[in-house]
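Single-letter residue listing:
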Amino acid sequence: MNLDAEIEACIPRLRRYARVLLGGHHASADDLVQDTLERAWRKIHFWRWGSDLRPWLFGIMHNLHVDQSRRGQISTQSLDDTEFEASVPPSQDDMLVIQNLQDALRHLHEDQRTVVLLVAVEQLSYQDVARTLGIPLGTVMSRLSRGRTRLRALMEDCPQTSGQTSGQISGQASPVAISMKIIK
Amino acid sequence: MNRSPISEADLHAYVDNQLSSARRIEVEAFLAARPDEAARVAAYRRQNQQLQHLFDPLLDEPIPPHLQQPSRVATRLNLRLAAVVTWVFVGGIVGSVAGGMAGWQLRGSPPMLAQMSSQMPRVTEPLGAQQATVGERLAWRAAVAHAVYSPDTRRPVEIGADQEDQLVAWLSKRLGVKLKPPSLKAQGYELIGGRLLPGSEGPVAQFMYHDAKGKRLTLYVSGERQDKQDTAFHFATEGPIGVFYWIDNGMGYAISAGSNKNELARVALAVYNQINPK
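Residues numbered from 1 in each chain as written. Chains lettered and ligands numbered in written order. Predicted model: local features only at pLDDT ≥ 70, side-chain atom pairs only at ≥ 80, totals over all residues. Heavy atoms only, no water.

## Looking at the overall build of chain A
On a plain count of helices and strands, chain A comes out with 9 helices and 0 strands. Moving toward the C terminus, one meets the helices and strands of chain A in the order α-α-α-α-α-α-α-α-α. By residue count, 51% of the 184 residues in chain A fall in the buried class. Partitioning the intrachain contacts of chain A with sequence separation of at least 6 by distance along the chain shows that 66% fall at a separation of at least 24. (Helix = DSSP H or I, 4+ residues; strand = E, 2+ residues; numbered from the N terminus. Buried < 20%, exposed > 50% of the residue type's maximum accessible area, 1.4 Å probe, protein only. Contact = heavy atoms within 4.5 Å.)

What follows is the structure, encoded as structure tokens:
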């Protein structure tokens, strides 16, 4: 199989992942894709022959994104996943109304959103997600679990879907829902 | 055989079809008895479908032409390089297994480590370690650290040069001496960053540099005990890695790169002069 063609076949997925990372900003997402492709060709000798290209390319993109968003910032300390609960970006609106899935995604912490999307949309194995993001498998699983819990709670506040599932969860006052209420 | 309890990770792997069929049957039995968990799993499956529904249409968008032209000229060369690296890597594993003496710590490691073990077997064996000189052990550790970290695309360093102040403060604190990565700009090398490593007698700092072509060079700084006498410059080669090392004022320094002796000497002298300003 021709590597040119294989990498080119990944471009649509890279564009999609770039938009997810950059919150839908299309022009800069394509810049990120281009940077990723350039770096991938420069570093192609580090790619292990026969291994899946996608996690490798996503990993390059992820690192570029992290580098670019850190540039010019004061260094940050990494927090435990448990601390993320308190650091959800506050909503711009006074009224927190989740209109749809895309809205709900925006309210996930970026680390959780990335893992959820790599698993649910890109359908990467957990091991590949860990490799892509350069984090341990256990961290992948805890981010996935937190992300899904939060997304579920957010979607239940959503007018379109609340009717179907509210009966099943009325008993569990989800901690996520509570923290969202504190924020607004 | 005892069944292990169903974990949170199992439930997610069930949602994402990442379980073995045997485990899937166990999870299904568990879910049949736990309607609350079954509802949660169903909600997560629905999430997956909704997310795919939301994002899959993006895959059908036309790709802008400028993204369809990777640097094809470089490709052929890089592909050949990739093939060479792969074969050298495989050769390294075979070599270290066949060599026998490589031992557990070298299994699957790059070929330079396997070669090193045959050149300096005493150094790799804990019992014989005392027979190697302080300088030899320093050089060997520095070469291993170079071989391990310099090819790392993702995390060559723990703290990047963009946070040099933090890097300096952190490593100085851990080594207990004031450390500053020398500037090698005049020699054509730019600082990438640094990391902390375990040494024979405590923490060790590794600074990594690269030149305009991306070739990497590492400076390994280790606190040696004060009673160890200073040494002059020494040069050693460990497989493809050249190491220039010396001990000065209770500190061991080693510069490693895939470069020739002259090039390393030039850098070593620059480092020495910055550490000991006239």
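Further notes follow.
## So, the sheet that holds strand β3 (residues 202-210) of chain B
Residue and element names in this part refer to chain B. Pairing in this open sheet of 7 strands is antiparallel, and the strands run β1-β2-β3-β4-β7-β6-β5 from one edge to the other. Edge positions in the sheet fall to β1 (159-160) and β5 (234-238), since each has one partner strand and no second. Bridging between β5 and strand β6 (residues 241-248) involves 5 bridges; their strand directions are antiparallel. Each residue of the ladder has a partner; that of Glu238, found in β6, is Ile241. Contacts between helix α7 (residues 134-149) and the sheet are confined to β2 (190-199), β3, β4 (216-223), β5, β6 and β7 (251-257), with β6 contributing the most and set at about 135 degrees to the helix. (Pairing = 2+ DSSP bridges. Axes fitted to C-alpha atoms, helices over the stretch in contact; angles between N-to-C directions.)

## Regarding the packing of aromatic side chains
Working definition: an aromatic ring pair is given by the centre-to-centre distance plus the angle between the planes. Residues and elements named next belong to chain B. Enumeration according to the criterion identifies 7 aromatic pairs over all chains in this entry. Ring centres 6.2 Å apart and planes at 70 degrees place the aromatic pair Trp246 and Tyr272 in the edge-to-face group. You can see Trp246 sitting in strand β6 and its partner Tyr272 sitting in helix α9 (residues 261-275), a full 26 residues away along the chain. Given a relative accessible area of 2%, Trp246 falls into the buried group. On the accessibility criterion, Tyr272 (30% relative accessible area) is partly exposed. Members of the aromatic cluster, each reached through a chain of ring pairs, are Phe233, Phe235, Phe244, Trp246, Tyr253 and Tyr272. The aromatic ring of Tyr14 is capped on one face by Arg45, whose charged end is 4.6 Å from the ring centroid. (Phe/Tyr/Trp six-rings, centres within 6.5 Å; stacked < 30°, edge-to-face > 60°. Lys NZ or Arg CZ within 6 Å of the ring centre and 35° of its normal.)

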